Structure formats: C-alpha cells, structure tokens
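# Remarks on the overall topology
Residue-level listing of the chains:
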Amino acid sequence: MKLARRRLLSLAAGAAAFPAVLRVAAAETYPSRPVHFIVSFAAGGPNDIVARIVGQYLSDHLGQQFVIENRAGAAGNVGMQSALSSAPDGYTIAFVGPNYAINPALYEKLPFDFIRDSVPVAGIMRLANVMDVNPAFPAKNVAEFIAYAKANPGKINLSQNRLI
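Structural notes, computed from the coordinates. Owing to the predicted nature of the structure, the values given are computational and were not obtained by experimental measurement.

Conventions we followed
Residues numbered from 1 in each chain as written. Predicted model: local features only at pLDDT ≥ 70, side-chain atom pairs only at ≥ 80, totals over all residues. Heavy atoms only, no water. Helix = DSSP H or I, 4+ residues; strand = E, 2+ residues; numbered from the N terminus. Buried < 20%, exposed > 50% of the residue type's maximum accessible area, 1.4 Å probe, protein only. Contact = heavy atoms within 4.5 Å. Pairing = 2+ DSSP bridges. Axes fitted to C-alpha atoms, helices over the stretch in contact; angles between N-to-C directions. Expected span 1.5 Å × (residues − 1). Arc of directions from axis to C-beta. Polar contact = N/O pair within 3.5 Å; in protein donor to acceptor, adjacent residues only side chain to side chain. Phe/Tyr/Trp six-rings, centres within 6.5 Å; stacked < 30°, edge-to-face > 60°. Lys NZ or Arg CZ within 6 Å of the ring centre and 35° of its normal.

### Quick word on the overall build of the chain
Helix and strand content of the chain: 6 helices and 3 strands. Written out in order from the N terminus, the α and β elements of the chain read α-β-α-β-α-β-α-α-α. Taking all 164 residues of the chain together, the buried fraction comes to 20%. The long-range fraction of contacts in the chain, counting pairs at least 24 apart against all pairs at least 6 apart in sequence, stands at 67%.

### Concerning the sheet that holds strand β1 (residues 35-39)
The strand order β2-β1-β3 describes an open sheet built from 3 strands, whose pairing is parallel. Of all strands in the sheet, those bounded by a partner on one side alone are β2 (66-70) and β3 (92-95). Each adjacent strand pair in this sheet contributes to an overall mean axis angle of 25°, direction not counted. The pairing of β1 with β2 spans 5 bridges and is parallel. Counterpart to Val35 in the pairing with β2 is Phe66. Sitting on the sheet, helix α2 (residues 46-62) touches β1, β2 and β3, and the angle it makes with β2 is about 165°.

### Some remarks on α2
For the α-helix, the turn length of 3.6 residues means that residues three or four positions removed from each other point alike. With 17 residues, α2 extends 24 Å between its outermost C-alpha atoms, agreeing within 8% with the 24 Å of an ideal straight helix rising 1.5 Å per residue. Within the sequence span of α2, burial applies to Asn47, Asp48, Ala51, Gly55 and Ser59. Buried positions in α2, seen along its axis, are confined to an arc of 95° and lie on one side of it. Exposed side chains of α2 directed beyond 90 degrees from the buried face belong to Ile53, Asp60 and His61. On its buried side, α2 packs onto β1, β2 and β3. At the C-terminal side of α2, Gly63 shows a positive phi close to 80°.

### Section: the environment of Leu106
On the secondary structure map, Leu106 appears in helix α4 (residues 99-106). With relative accessibility at 59%, the residue Leu106 sits in the exposed group. As a C-alpha pair, Leu106 and Ala75 span 31 residues in sequence and 9.5 Å in three-dimensional space.

### A word on the side chain of Ser118
By the secondary structure assignment, Ser118 is in the loop between α5 (114-117) and α6 (142-151). A distance of 2.5 Å separates a polar side-chain atom of Ser118 from the backbone oxygen of Phe114. Aside from chain neighbours lying at most four places away, what touches Ser118 is Leu84 and Asp113.

### Comments concerning the packing of aromatic side chains
Summed over the entire model, instances satisfying the criterion amount to 5 aromatic pairs. Between Phe37 and Phe95, the aromatic rings sit 6.1 Å apart at their centres with planes inclined by 50°, giving tilted as the arrangement. On the criterion of sequence distance, the pair formed by Phe37 in strand β1 and Phe95 in strand β3 is long-range, its members being 58 residues apart. Judged by centre distance (4.8 Å) and plane angle (70°), the rings of Phe137 and Tyr148 are edge-to-face. Placement of Phe137 in the loop between α5 and α6 and of Tyr148 in helix α6 is noted, with a sequence separation of 11 residues between them. What makes Tyr148 partly exposed here is its relative accessible area of 27%. Through a chain of ring-to-ring contacts, three or more aromatic side chains come together here, namely Phe137, Phe145 and Tyr148. If you follow Arg33 out to its NZ or CZ, it ends over the ring of Tyr91, 3.9 Å from the centre.

Printed below as a string of structure tokens:
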C-alpha cells in the first residue's frame, strides 16, 4: 500500500503530537466532585447492597463521594431514564441489571434505546440464573419448555426468586 507524501507527513505529525495531547487531557483529575450512582432498584435489595459496597470502595480510593440514588420503578426504566437524561460528563453512573436486555420486549415504547444511549464502563458482578420446574412438568430442558409454552398459551405461571 502506497501512501501519498502529504498523507504520510500528516500521519507522522499526528503521531508526534499524540503524547503532548495525552498530557493535556490527563491534567484534570477525576472525580473532582461527587458522583451520582443511580440504582434502578429498591433500597436494601441485592443491587443496592452491591452498589453501596462499590460506591464506598470508589469513594475511599478516589477521594470523592459516590452518592447512591435509588430510583426504582417500571422495571428499572425510571432510574435509567434519569441517568440517561443527565449530563454526559461521567458524574452520573447507572447500575445496570439484566432487566435492560428484557425491557424492550416488555415495553412497547421506551423513552430511550439502552444500547444506543449508554456505554458500558465495568462489570461489577456475575450472577447465575436457574430455571426450576416441578419434576412432574413435561418439559425437561429449555427448548421443551419454550415449545410447551407456545403450544399452551396462558397456562404457565411464573415467579422470580432471588437468593443472596
């Protein structure tokens, strides 16, 4: 691949200037003011507890307060809308759960597009999800369960349990 002389010179100049730009960009320390950590779940639940532990750790290590704000409602959509409508300056962080992957299928019109409007920063925890059925139930795996549910609409009752 041949590069035109001007293109090569502009790339070289950009590469030479890059370290200086990095030093200027790194001049501001983060965070320089309190950070709002929005948890879209009720206070006292597993997500709130994890967010408070992480927030305390970050406060201790970064020297600024991480304020935990519980904004529960509409399967997490209230808190996420609050986080996404804040200034995109890194001082509002949303604690995200698996509900944001599910909500587009549950809500016809959301005020945001989770994939387009947010950026992942870090993974905090991993959870194992388990699907249990009564041993007398005819399905023995997820594929059979889905087939049964499709063949018998409205006949399946579902609940969700959380263990800490």
